[in-house]
Amino acid sequence: MARILLLGGTSEASQMAQALAEAGAEATYSYAGRTERPMAQPLPTRVGGFGGADGMAEWIREHRISHVIDATHPFAARISRNAIAACAATGAELMALERAPWVAGAGDRWFHVPDIGSAVAALPDFPARVFLAIGRQNVAPFAARSQHFYLLRLVDDPLEPLPLPKAEAVIARGPFTVEGDIALLKKHRIDWVVAKNAGGSGARAKLDAARALGLPVVMIDRPALPPRPVMRCVAEVMDWLAHSTRLGV
Ligand code: NAP
């Protein structure tokens with residue numbers, strides 16, 4: 001029987017955990033431990049870093065893991081690189097479960113940038129009201145453009161003051177609706193949106209809201225990763241597991 005390590009922290013990982021639990025698979029869900037109240041999972045759960053690629057390889061060997069499913073966020077590049085290296089070192093099979101990136105459609109005003117630093121530089125010089133829909137970890141570089149007001153949407157109440165002079169945080173956990181996000185952008189008189197190209201439906205609402213209001217979006221493209229196998233949906237990954245372990249899961 002396959003012994004699976006599921007690297008999580010996303011809604012896809014929760015769906016994957018559900019499918020694995022229903023199939024009676026021997027799997028462990030791994031959280032980084034970033035949020036105060038991680039969602040309960042129907043699988044045994046471990047929390048916290050492994051200690052780099054070597055630490056993950058050690059954990060894989062110790063727990064006799066045969067398959068690693070990387071369902072982490074597309075911007076969580078370090079853990080994904082570690083998973084590639086740890087699987088190569090141990091011989092565990094790797095599969096990434098990753099949502100397709102968003103693609104601009106008619107009416108979208110997206111400015112693509114490769115990273116956070118370029119997103120900071122892409123904002124206008126005149127004072128603007130900016131919705132920073134990028135999570136808490138990456139907001140500090142925006143302090144360099146202190147003329148702007150920043151609206152943040154965070155999962156947890158920040159325990160420390162925000163690292164930006166003019167900023168406000170709304171505490172909310174997705175999925176969000178287009179109507180709700182239009183109301184949010186109007187209420188805070190937002191005129192620029194900064195987003196990471198996460199993909200998926202739950203976080204898409206802000207982009208549809210920006211389009212509806214004619215707002216420009218600074219879209220941060222995904223970090224590049226070494227080549228790895230990728231699937232887009234849970235059913236595909238379940239098929240892959242069934243085929244790669246003769247006994248199925
Ligand atoms: P990251 O930069 O790729 O990872 C930093 C370190 O955190 C990794 O080296 C690893 O520590 C640990 N780590 C990350 N994910 C882990 C997991 N699932 N299980 C155990 N350890 C993990 O990741 P990040 O951007 O900080 O994201 C952290 C978590 O939040 C991820 O699980 C991701 O799925 C989730 N998330 C991230 C974003 C985002 O925009 N980045 C958005 C939504 C959710 P060691 O090297 O010590 O093993």
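You'll find the structure just up there.
A brief report on the enclosed structure follows. (Residues numbered from 1 in each chain as written. Predicted model: local features only at pLDDT ≥ 70, side-chain atom pairs only at ≥ 80, totals over all residues. Heavy atoms only, no water.)

**Examining the overall build of the protein**
- Assigned secondary structure in the protein consists of seven helices and 12 strands.
- Taken over C-alpha atoms, the radius of gyration comes to 19 Å for the protein, in line with the 18 Å a tight globule of 249 residues would show.
- Partitioning the contacts of the protein with sequence separation of at least 6, the portion at a separation of at least 24 is 65%.
- Just so you have it, the protein exposes about 12,000 Å², and 55% of that area is on carbon and sulfur atoms.
- Between the mean site of the 27 positive side-chain charges and the mean site of the 24 negative ones, the protein shows a separation of 4 Å. (Helix = DSSP H or I, 4+ residues; strand = E, 2+ residues; numbered from the N terminus. Rg over C-alpha atoms; globule rule 2.2 N^0.38 Å. Contact = heavy atoms within 4.5 Å. Areas by Shrake-Rupley, 256 points an atom, 1.4 Å probe, with all protein chains shown as cover. Lys, Arg positive; Asp, Glu negative; His and termini not counted. Charge placed at Lys NZ, Arg CZ, Asp CG, Glu CD.)

**Let's talk about the sheet that holds strand β12 (residues 230–231)**
- With parallel pairing, the six strands of this open sheet are ordered in space as β3-β2-β1-β4-β5-β12. Whereas interior strands pair on both sides, the edge strands pair on one side only; in this sheet they are β3 (45–47) and β12.
- Here strand β4 (residues 67–70) pairs with strand β5 (residues 93–97) via four bridges, running parallel. The residue of β5 that forms the bridge with Val68 is Leu94. (Pairing = 2+ DSSP bridges.)

**Thoughts on the pairing of β4**
- Where burial is concerned, the two faces of β4 agree: the one with His67 and Ile69 and the one with Val68 and Asp70 are both buried.
- Pairing of strand β1 (residues 3–7) with β4, which is carried by four bridges, proceeds in the parallel orientation. Considered in β4, the bridge of Leu6 is made with Ile69. (Buried < 20%, exposed > 50% of the residue type's maximum accessible area, 1.4 Å probe, protein only.)

**Remarks on the site of the ligand**
- Surveying the vicinity of the ligand reveals 23 residues, the closest of which are Gly8, Ser30, Phe50, Ile79 and Lys196.
- Take Phe50: an N or O atom from its main chain is 2.6 Å from an oxygen atom of the ligand.
- For the ligand, the accessible surface in isolation is 800 Å², of which the surrounding protein chains cover 81%.
- Broken down by element, the shell around the ligand gets its largest block of residues, four residues, from helix α3 (residues 77–90).
- Taken together, the residues of the shell around the ligand sort by class into seven nonpolar, 12 polar and four charged. (Near = heavy atom within 4 Å. Polar contact = N/O pair within 3.5 Å; in protein donor to acceptor, adjacent residues only side chain to side chain. Nonpolar A, V, L, I, M, F, W, Y, C, P; charged D, E, K, R; others polar.)

**Quick notes on the pairing of strand β8 (residues 149–154)**
- Among the six residues that make up β8, six are buried, leaving the element largely enclosed by the rest of the structure.
- With burial as the criterion, each face of β8 is covered, one bearing Phe149, Leu151 and Arg153 and the other bearing Tyr150, Leu152 and Leu154.
- Summarising the sheet, strand β7 (residues 129–133) and β8 pair through four bridges and their orientation is parallel. Each residue of the ladder has a partner; that of Phe131, found in β8, is Leu151.
- Two elements, β8 and strand β9 (residues 167–171), share five bridges in a ladder whose sense is parallel. In the strand pairing of β9, Leu151 is matched with Glu168.

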